[in-house]
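Here is what each chain is made of, one letter per residue.
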Amino acid sequence: MPEISQAESFDVAEKKSLRHASQYTASLEAISVELQRAHGENLSLREKLSHVQLHSTDLHMNLNAEITRYRNEIVKLKAELAIAEHDRRLNVTQMVNAMVAAEHRVRGTGAVPTDLEERYQNILNYLERVKVVHQHLQRHAEDVAKQRDAFQQRLEKVQKKLKAVTNSISWKVTAPLRHLVRDNPRAVQISLRALWFAWHTLKLRSIYRLSKIERRREEPLKPSGSKHLENGSQKPNAAKSKRAIAAMSDPFALPIELLSRTGIQNSISTASMDPWPADRPLVSVVIPCFNYGHFVAESVESVLAQTFQDLEIIVVEGGSSSLESRQQLAEMVFPRTRILLQSEAHRAGANRNFGISQARGKYICCLDADDRIDPTYIEKAVFLIEHFGYDVVSTAVEFFGNRTGGYGSLERPVLKDMLQANYIPTCAVFKRDLWDRVGGFRDSDLNTGHVHEDWLFWVRAAALGARFWNIVGERLFKYRIHGNSLSNGQDVLPIEHQRTIVRELNADVLGPEVIGHSYELAVQNWRHPEPLRNLTRFGRDIADDRPTMLLALPFLIIGGAERLLSAITGHLSSVGWRVIIVTTVQVGPEHGDTTDWFRGATSEIYHLPRFLGQERWNDFINFLIQTKRIDLLWIVGSAAFYDRLQWLKELYPKLKVVDLLFNTVGHTANNRKHANLIDLNLVENQEVYGWLVEQGEAQDRIRKIESGLDLERYSPRPKSQEILNELGISEDTVLIGFSGRWSEEKDPLGFIEIAKLVPEDVPVAFVMTGAGPLTKKVEAAVTEANFAPKRFHLMGAVPDVTPYIASYDLLCLPSLLDGRPVVVLEALALGIPVLASRVGALPDLVQDAVSGRLCAPGDYPAFAAQIAALVRNPSQLQKMKQQARLAAEQKFDARNMLTAYDEALRGVLVGDAAGKSFEDGDGASKAGSGEYFPENSAGE
């Protein structure tokens, strides 16, 4: 073998070294990768451990909270059993007393019942007062006769003096001057001005004043009037003197007597405790019933339907004279309702006192048996009392029954106001300890006239320092008008007499300083440091495990969005969701109010501007989230909730947020501003979906759900004969309709312009339904257009728009901006073709020349030309009607839409943000839990 040179040997060694180095490097890299993988796994394990620990902590807190709730419920149930036994014993005692009294009457013993003696004595006293009044009347008549004679004598003297003047020589001499004055008024004015100037220049007025002051010094001093009476500082004796004078001048101003029977029984212990104990309800609603057995069930049901459930109901059978009423009350069975019996007939105040004395609540609400309250009333009242320390909270009044309408009140009445009129309805929610301090309600003796016992009560409460608040933006008290009642009977004294009597009967507490003190208390800006201490005792019912959603809207007005959302919320409620609705923009009546559209889904509807100032909104929103344990916030256009998202997320990091966008303008700026706080964006058309993607939104955080309809409800039908008769047109008349919100984006004024451009020889009629901010401009434009009779019909807001749409031959919607309007879906489902603008999702809904026609927005001549062409070609119009319904059946089935909304919202709660879209593939997963129990409940 040839020898290897030294150089070659060196190369071999070098290559071998490089190979070994390469192997070592690879090994090191492998080790490094393994170390990195191990480190990653270690971090992942640590993160998982942290999540597990956090979840374990949350779970432990939740379990402790649930255990506390269960314990409170057990305490509450034990208390319910105890109070049921108490009521049983009390009612047995009352029944025995009633039976004993009846037995005495039947036996006809010689003993005269105490109440009969009292009534007889009252009659004798009344007769004595009548005699006194009769004597006063006689003296008054004699005084009047003397005054009449004196006036007659003075009149005769004046007539004699007048006759002497007219017969005097001076009167006859000045006759030419008087004629000159009568015939030359201008000269008289000039003369008077000259005299005035001379008077002023010579300072004769100053001289006159000096002489007048001298005369005043010579006159004796006179009393200064009734200033002290006006300031409310009169003493009781002075008040009685004034009352006596009033009685002399008015034969009907008799002294008022109060009944001695107050109805107050031995009270259940109500020592003031804070927080309120779990074995007692927070509110007791007392319903006195006297001969109103046929009404009382409605009253009780209105209380049971309250959105605030921590309450008890006490129905007091007040000794009704109607056996039928007693029987109806005896057969009544309602949850959380106690029925207490009076052994004999009592007046309204005594019956209230009897019920309140047996009440266990911290707060009292008295409701007459024939009245009702709105579902949210007690909740709003308790919120205001617990947060801001008011002693009495009430509301405006709405009539029902034989009369409609209602009346408002002062928002913050003080004692000075209460002395003039009663600004607090009977249904007010007030503190039980206030009733103790006032001494209960006091009934007046009907023999001397009826004074409203609640007015007496509220004035005394105000004098003792009570703070009042009225919810004036909503009529939450429903006052039944029917026949005669105690409040409007013949025994009720005139209001001016009651005003005097109320002041007189409360004279012992109406000191000189109380009016000013009442005002000072009213203007205090007080807020409890722990306002939720009594409101989160139980949270939701233990058996209520429904997911809870707060739907935040700007308003509930007449519009397609409201119709769509009312259908969605109705479905969500039917499949197990608890829906709470909050609105944040005050709108006028011209926009219409669609609150009733949503009542089938929920009674928890809160219009914040109607009952709260904006400075208190955060407190109420926080109150809702904590007391109702809201899982998901769904924003649909409410700027107020967009602005509060950062605050809400800081307080409740596990609160899920969903936003619904209808188009690419308007609320999209707020959506993008708070994009990082929104878990899911819902859209109903491809235009908005694409816009969000262009703005950088992740596709797995967008869900497109196309709007749909109940195709069975919205199916083709004949024109409404009632509407045709109302319009005064025949069934053959082609009817072009506009139904929608009268706002700029819908361009209702453009519809009027289109109607003006349609040739007069085209046999067509136009109809407009709706409401909105352009109402006055629409009305003015129609008047100015001066259409021919029966050519244009402005209907405004209608209770149900569906019969109108079904009566159209063509729906015209010249929108300048739109999304996926519900009215178009409804029209197509009813077999009505659509003439619309080529904007938003309208081209997706209306197939041009098949189910309708499309024009450029604002091109009114093109719209008018299309109407004329279709009217002149009825066969084409008929084909479009058939295609309209066919398109709806293929694309607008509501079942798909409703299911998709339910799935999307539930997906957010369980972590699958977008779920599976109908058209857009799979969504992504996002971890999170739907429940949270924050420790900090600060609202500001």
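Residues numbered from 1 in each chain as written. Predicted model: local features only at pLDDT ≥ 70, side-chain atom pairs only at ≥ 80, totals over all residues. Heavy atoms only, no water.

In this section: the overall build of the chain. On a plain count of helices and strands, the chain comes out with 34 helices and 24 strands. For the chain, with 940 residues in total, the buried portion stands at 46%. Across the chain, every contact between residues at least 6 apart in sequence was considered, and the portion connecting residues at least 24 apart equals 77%. Surface summary for the chain: the accessible area is close to 48,600 Å², and the carbon and sulfur share equals 55%. (Helix = DSSP H or I, 4+ residues; strand = E, 2+ residues; numbered from the N terminus. Buried < 20%, exposed > 50% of the residue type's maximum accessible area, 1.4 Å probe, protein only. Contact = heavy atoms within 4.5 Å. Areas by Shrake-Rupley, 256 points an atom, 1.4 Å probe, with all protein chains shown as cover.)

Once that is clear, we can look at the pattern of salt bridges. Under the defined criterion, the tally for this structure stands at 41 salt bridges. One salt bridge in this structure joins Glu379 and Lys628, with 2.9 Å as the shortest N-O distance. With Glu379 in helix 12 (residues 377–388) and Lys628 in helix 21 (residues 617–628), this residue pair connects regions lying 249 residues apart in the sequence. On the basis of relative accessibility, which here comes to 3%, the residue Lys628 falls in the buried class. Here the residues in one salt-bridge network are Asp274, Lys362, Glu386 and Arg533, joined through shared partners. (Salt bridge = Lys/Arg side-chain N within 4 Å of Asp/Glu carboxyl O.)

This next bit is on the sheet that holds strand 3 (residues 337–341). The seven strands are arranged 3-2-1-4-9-6-10 in an open sheet whose pairing can be described as mixed. Because the sheet does not close on itself, it has two edges, and the strands there are strand 3 and strand 10 (468–471). Going across the sheet, the axis of each strand differs from the next one's by a mean of 20°, ignoring polarity. Here strand 4 (residues 363–366) pairs with strand 9 (residues 429–431) via three bridges, running antiparallel. Each residue of the ladder has a partner; that of Tyr363, found in strand 9, is Lys431. Against the sheet, helix 12 engages strand 1 (283–289), strand 2 (311–317), strand 4, strand 6 (392–395), strand 9 and strand 10, with an angle of about 145° to strand 6. (Pairing = 2+ DSSP bridges. Axes fitted to C-alpha atoms, helices over the stretch in contact; angles between N-to-C directions.)

Another aspect to go through is the sheet that holds strand 21 (residues 792–796). The strand order across the open sheet built from six strands is 21-20-19-22-23-24, with neighbouring strands paired in parallel fashion. The open sheet terminates on both sides in strands that have one partner only, identified here as strand 21 and strand 24 (852–855). Neighbour to neighbour, the strand axes of the sheet diverge by 20° on average, direction disregarded. With four bridges connecting them, strand 23 (residues 834–837) and strand 24 associate as parallel partners.

Our focus in this paragraph is the nonpolar core. Note that soluble globular proteins tend to have their nonpolar side chains buried in a common cluster. One finds Trp634, Leu682 and Val824 to be the most contacted residues of the largest nonpolar core, which totals 98 residues. Contacts of Val824, omitting those with residues within four sequence positions, involve Leu811, Leu813, Val834, Leu842, Leu845 and Val846. (Core = buried A, V, L, I, M, F, W, Y, C linked by side-chain atoms within 4.5 Å.)

Moving on, we come to a nonpolar patch on the surface. On the surface, Leu28, Ile31 and Leu35 cluster together into a nonpolar patch covering about 320 Å² of accessible area. Turning to its location among the elements, Ile31 is positioned in helix 1 (residues 6–107). (Patch = residues over 30% accessible without salt bridge, like charges linked within 9 Å, V, L, I, M, F, W, Y side chains within 5 Å.)

Here we take up the packing of aromatic side chains. Taken as a whole and assessed by the stated rule, the structure comprises 21 aromatic pairs. For the pair Phe383 and Phe623, a centre-to-centre distance of 5.4 Å together with 50° between the ring planes defines the contact as tilted. Separated by 240 residues along the polypeptide, Phe383 in helix 12 and Phe623 in helix 21 bring together distant segments of the chain. Phe623 carries the same exposure label as Phe383, and that label is buried. (Phe/Tyr/Trp six-rings, centres within 6.5 Å; stacked < 30°, edge-to-face > 60°.)

Going residue by residue along strand 22 (residues 810–813), you find Leu810 and Cys812 tucked away on one face and Leu811 and Leu813 tucked away on the opposite face as well. Judged from the two bridges that link them, strand 19 (residues 734–739) and strand 22 form a sheet pairing that is parallel. If you follow Ile736 over to strand 22, its bridge partner there is Leu810. As paired elements, strand 22 and strand 23 share three bridges and run parallel to each other. The partner of Leu813 across the bridge, within strand 23, is Ala836.

Time to look at the environment of Val393. For Val393, the location among the structural elements is in strand 6. Not counting residues up to four positions away in its chain, the partners in contact with Val393 are Tyr377, Ala381, Leu384, Ile385, Ala428, Val429, Trp469 and Ile471.

With respect to the helices and strands, Ser739 occurs in strand 19. Overall, Ser739 belongs to the buried group, its relative accessible area being 2%. At a separation of 2.7 Å, a polar atom in the side chain of Ser739 contacts the side chain of Thr769. There is a polar contact of 2.7 Å between the side chain of Ser739 and the side chain of Tyr808. (Polar contact = N/O pair within 3.5 Å; in protein donor to acceptor, adjacent residues only side chain to side chain.)

Look at helix 27 (residues 748–757) against helix 32 (residues 860–872): their axes get within 8 Å of each other, and the N-to-C directions meet at 55°. Viewed along their axes, helix 27 and helix 32 adopt a mutual orientation that is oblique. Between helix 27 and helix 32 lies a crossing of right-handed hand. Touching Gly750, Glu753, Ile754 and Leu757 of helix 27 are Tyr860, Pro861, Phe863, Ala864 and Ile867, all from helix 32. For the contact of helix 27 with helix 32, the per-class residue count stands at seven nonpolar, one polar and one charged. (Parallel < 35°, antiparallel > 145°, perpendicular 65-115°, else oblique. Left-handed = near helix turned anticlockwise from the far one by under 90°. Nonpolar A, V, L, I, M, F, W, Y, C, P; charged D, E, K, R; others polar.)

Moving on, we get to helix 9 (residues 296–304). The complete set of buried residues in helix 9 reads Val296, Ser299, Val300, Ser302, Val303 and Leu304. Buried residues belonging to helix 9 abut strand 1, strand 2, helix 10 (323–330), strand 3 and strand 5 (372–373).

Let us look at the pairing of strand 13 (residues 578–583). Across the six residues that make up strand 13, a large majority, six, are buried. On strand 13, burial covers both faces: Arg578, Ile580 and Val582 on one face and Val579, Ile581 and Thr583 on the other are all buried. One ladder, built from six bridges, connects strand 12 (residues 548–553) with strand 13; its direction is parallel. Counterpart to Ala552 in the pairing with strand 13 is Val582. A crossover links strand 12 with its parallel partner strand 13, the connecting element being helix 18 (residues 560–574), and its sense is right-handed. By the bridge criterion, three bridges tie strand 13 to strand 14 (residues 605–607) in an arrangement that is parallel. (Right-handed = clockwise from strand over helix to strand, strands pointing away.)

Along the polypeptide, Arg791 turns up in the loop between helix 28 (775–785) and strand 21. Buried within the structure, Arg791 lacks any salt-bridge partner; its nearest side chain of opposite charge belongs to Asp761, at an N-O separation of 6.8 Å. Polar contacts involving the side chain of Arg791 include one to the main-chain carbonyl oxygen of Pro759, which spans 3.0 Å. (Lys, Arg positive; Asp, Glu negative; His and termini not counted.)

Attention shifts here to helix 25 (residues 686–694). Among the residues of helix 25, those classed as buried are Val688, Tyr689, Trp691 and Leu692. Each buried residue of helix 25 sits inside an arc of 165° when the element is viewed along its axis, so together they form one side. Buried positions along helix 25 lie against strand 16 (656–661), helix 24 (668–673), strand 17 (680–683) and strand 18 (702–704). Remark: Gly696 follows helix 25 within two positions and exhibits a positive phi of approximately 95°. (Arc of directions from axis to C-beta.)

Here we come to unusual backbone geometry. Residue Pro275 is reached from Asp274 by a cis peptide bond, and omega for that bond is 5°. Structurally, Pro275 can be placed in the loop between helix 8 (236–249) and strand 1. Positive phi, normally seen in glycine, also occurs at Arg336, with a value near 55°. Along the chain, Arg336 falls in the loop between helix 10 and strand 3. On the accessibility criterion, Arg336 (28% relative accessible area) is partly exposed. Although it is not a glycine, Arg629 adopts a positive phi angle of roughly 50°.

A word on the environment of Met418. Mapped onto the elements of the fold, Met418 is located in helix 13 (residues 415–418). By relative accessible area, which is 0% here, Met418 ends up buried. Separated by 41 residues in sequence, Met418 and Val459 place their C-alpha atoms 5.9 Å apart. Here Met418 is in contact with Pro413, Tyr423, Ile424, Trp455, Trp458 and Val459, once residues within four sequence places are set aside.

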